[in-house]
Amino acid sequence: MPIEELRQSHTHIENYENECNPDIAVIIPTFNERQNVPELIQRLRSTLDGLNWELIFVDDDSPDGTAEVISKASAADRRVRLIHRIGRRGLSSACIEGMLATSAQYMAVMDADLQHDETLLPIMLEKLRAEPLDVVVGTRNADGGSMGAFSGERVFLSKLGQHISRTISHCELSDPMSGFFLISRSFFMEVVHGLHGGGFKILLDFLATSARPVRIVEVGYKFRTRKFGCSKLDFSIAFEYFSMIVNKLSNGLIPSRFVAFSFVGTLGLLVHYSVLSLLYRGIGSSFVLSQAAATAAAMVCNFLSNDLITFRDRRMHGIHKLIGLMMFCTGCTFGGIVNVCFASTLLHTGLPWYAAALGGMITSAAWNYTIANLFVWRTPQLRPVARIAPYGETVSIR
């Protein structure tokens, strides 16, 4: 082979190796961000100019067609990649799968809503390369940072969450709730097997999972105002955050889903006594009829609340919700029988009535949770697995 062809071949191999080993991968979870994606890609392309980079969008099957927009961008630029998840939702799990799908040594996480300042990424990368750090965090609370146009209520909730987060974060950090940060692959692989993977505050999950103090530095930025779409923060997401806190404080002994399930059960108990009081004491219906109606109301309330909160990533639709309700009520009826039998046994052993009742409720809660988790909101048979895909390829994960 002529020398010139050898040189060209060697250059081609070097370029390919550089493309396959990017300096930085930016992981961007998306859900209904169709209008923001084109501008975000353009901004990142300009900011990361001169670096070997890739963008990995992880879309949870957005009904507004976000995945289609990203797929077209991927066809035009192989540095833009898409992981399209079917039948699953969750910001933290999306970030984890995006990180597993890249070979980059440094991985950034940011939102697709244009509120994070992408121009900080080169500065964050320089710090992570130059110093012995695990994470560089973009924060609204450091020098030069700002909460932007957040309402007073959102600012209060954010600060409250930060105070709670510090109990499990294992490091001094002004904003453990930040969703904008850069992490080294070595630290990610160190903690990935112990991650909670639920909720929407993935940084806190990293910090709480680490068995050692995290080497971290913060960089201030001004939080921008969202242009298109709406915030994904709602009660169920906020409760996922609370459940993760409990899970981490218990060293993983208390599953986060069980925390949510128990909370929903408490709501169902309140519904039960409210309906029972209204019918039996208020209207004068028979106790048996009032108790039956109260039990049915509590079961329906528990099912709908669990579908909304506890198992939001497996939420049912259409006829499946009706079938699920029937299965849930059947399982809870047996749980109620277990409750009464076990409580009666405890009472006969000499325990006070309130202690016996509590034992029965705990037993039935554990039974109902098991039935709900295994049979009503069944875990998908095929577990999602992220893999490193060729550049430009669209990966669907079921």
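Residues numbered from 1 in each chain as written. Predicted model: local features only at pLDDT ≥ 70, side-chain atom pairs only at ≥ 80, totals over all residues. Heavy atoms only, no water.

1. A look at the overall build of the chain
Secondary structure assignment for the chain yields 13 helices and eight strands. For the chain, the residues scored as buried account for 46% of the 398 residues in total. If you take every contact in the chain between residues at least 6 apart in sequence, the share linking residues at least 24 apart comes to 75%. When the accessible area of the chain is evaluated, it comes to approximately 20,000 Å², of which 61% is carbon and sulfur surface. (Helix = DSSP H or I, 4+ residues; strand = E, 2+ residues; numbered from the N terminus. Buried < 20%, exposed > 50% of the residue type's maximum accessible area, 1.4 Å probe, protein only. Contact = heavy atoms within 4.5 Å. Areas by Shrake-Rupley, 256 points an atom, 1.4 Å probe, with all protein chains shown as cover.)

2. What to know about the packing of aromatic side chains
For any pair of aromatic rings, the description rests on two quantities: the centre-to-centre distance and the angle between the ring planes. Under the definition given, this model contains nine aromatic pairs. With a centroid separation of 5.8 Å and an interplanar angle of 70°, the aromatic rings of phenylalanine 328 and tryptophan 377 are classed as edge-to-face. Taken as a pair, phenylalanine 328 in helix α12 (residues 319–348) and tryptophan 377 in the loop between α13 (353–376) and β8 (394–397) lie far apart in primary sequence, 49 residues in all. For the ring pair phenylalanine 334 and tryptophan 367, a centre distance of 5.0 Å and an interplane angle of 50° mean the geometry is tilted. Placement of the pair is phenylalanine 334 in helix α12 and tryptophan 367 in helix α13, with a sequence separation of 33 residues. Through a chain of ring-to-ring contacts, three or more aromatic side chains come together here, namely Phe303, Phe311, Phe328 and Trp377. (Phe/Tyr/Trp six-rings, centres within 6.5 Å; stacked < 30°, edge-to-face > 60°.)

3. A short note on the pairing of strand β2 (residues 53–59)
In regular strands, side chains alternate between the two faces of the sheet. Counting buried positions along β2 gives seven out of seven residues, so the element sits mostly inside the fold. Here β2 shows two buried faces, one formed by Trp53, Leu55, Phe57 and Asp59 and the other by Glu54, Ile56 and Val58. Inspection of the sheet shows strand β1 (residues 24–30) paired to β2 by seven bridges, in the parallel sense. Across the sheet, the residue bridging to isoleucine 28 is phenylalanine 57, located in β2. What joins β1 to β2 is helix α2 (residues 37–47), and the crossover it makes is right-handed. Here five bridges tie β2 to strand β3 (residues 80–85), and the two strands are oriented parallel to one another. When the bridges of β3 are listed, valine 58 appears paired with isoleucine 83. (Pairing = 2+ DSSP bridges. Right-handed = clockwise from strand over helix to strand, strands pointing away.)

4. With respect to α12
Helix length check: α12, at 30 residues, gives a terminal C-alpha distance of 44 Å against a target of 44 Å (1.5 Å per residue), a fit within 8%. Buried residues of α12: Gly324, Phe328, Cys329, Gly331, Cys332, Gly335, Asn339, Ala343 and Leu346, and no others. Looking one or two residues past α12, glycine 350 carries a phi angle of roughly 110°, positive in sign. (Expected span 1.5 Å × (residues − 1).)

5. Description of the nonpolar core
Formed by 34 residues in total, the largest nonpolar core has its most connected members in Val26, Leu55, Phe57 and Leu121. Looking at this core, the elements with two or more residues in it are β1, α2, β2, α3 (66–76), β3, β4 (106–109) and α5 (121–130). Beyond its immediate stretch of four places on either side in the chain, phenylalanine 57 contacts Ile28, Thr30, Val37, Leu40, Ile41, Ile70, Val80, Arg81, Leu82 and Ile83. Counting 28 residues, the second largest nonpolar core, distinct from the first, contains Ala25, Ile56, Ile83 and Ile96. (Core = buried A, V, L, I, M, F, W, Y, C linked by side-chain atoms within 4.5 Å.)

6. A closer look at the confidence of the model for the chain
Scored by pLDDT, the chain comes out at a mean of 77, with 72% of its residues at no less than 70. A low-confidence stretch, residues 380–398 stays under pLDDT 50, and its non-local contacts, those more than four residues away or across chains, total 46 contacts. (pLDDT = per-residue confidence, 0-100.)

7. Comments concerning the environment of glutamate 97
Its location among the elements puts glutamate 97 in helix α4 (residues 91–100). Distance in space between the C-alpha atoms of glutamate 97 and isoleucine 56 is 9.9 Å, their sequence separation being 41 residues.

8. Some points on the pattern of salt bridges
Across all of its chains, the model carries 12 salt bridges by this definition. A salt bridge links arginine 43 to glutamate 39, with the nearest nitrogen and oxygen atoms 2.7 Å apart. Remark: glutamate 39 and arginine 43 occur in helix α2; sequence separation between them is four residues, near one turn of the helix. Two residues, arginine 79 and aspartate 77, come together in a salt bridge whose shortest N-O distance is 3.1 Å. (Salt bridge = Lys/Arg side-chain N within 4 Å of Asp/Glu carboxyl O.)

9. So, the packing of α2 against α3
In the contact formed by α2 and α3, the axes pass within 10 Å of each other and the chain directions differ by 35°. Between α2 and α3 the crossing geometry is right-handed. Contact residues: Val37, Pro38 and Ile41 in α2; Thr66, Val69, Ile70 and Ala73 in α3. Class assignment for the residues of the contact of α2 with α3 results in six nonpolar, one polar and no charged. (Axes fitted to C-alpha atoms, helices over the stretch in contact; angles between N-to-C directions. Left-handed = near helix turned anticlockwise from the far one by under 90°. Nonpolar A, V, L, I, M, F, W, Y, C, P; charged D, E, K, R; others polar.)

10. Here's the deal with the side chain of threonine 47
With respect to the helices and strands, threonine 47 occurs in helix α2. What threonine 47 contacts, discounting residues up to four positions off in sequence, is Glu118, Thr119 and Pro122.

11. Let's talk about unusual backbone geometry
At asparagine 32, a position not held by glycine, the phi torsion is positive, near 60°. If you trace the backbone, asparagine 32 turns up in the loop between β1 and α2. Judged by its relative accessible area of 27%, asparagine 32 falls in the partly exposed class. Unlike most non-glycine residues, aspartate 61 shows phi in positive territory, near 55°.

12. A closer look at the pairing of β3
Along β3, six of the six residues are buried, which leaves the element largely enclosed by surrounding structure. Residues of β3 alternate between two faces, with Val80, Leu82 and His84 on one and Arg81, Ile83 and Arg85 on the opposite face, all of them buried. Between the parallel pair β2 and β3, the chain is carried across by α3, and the sense of this crossover is right-handed.

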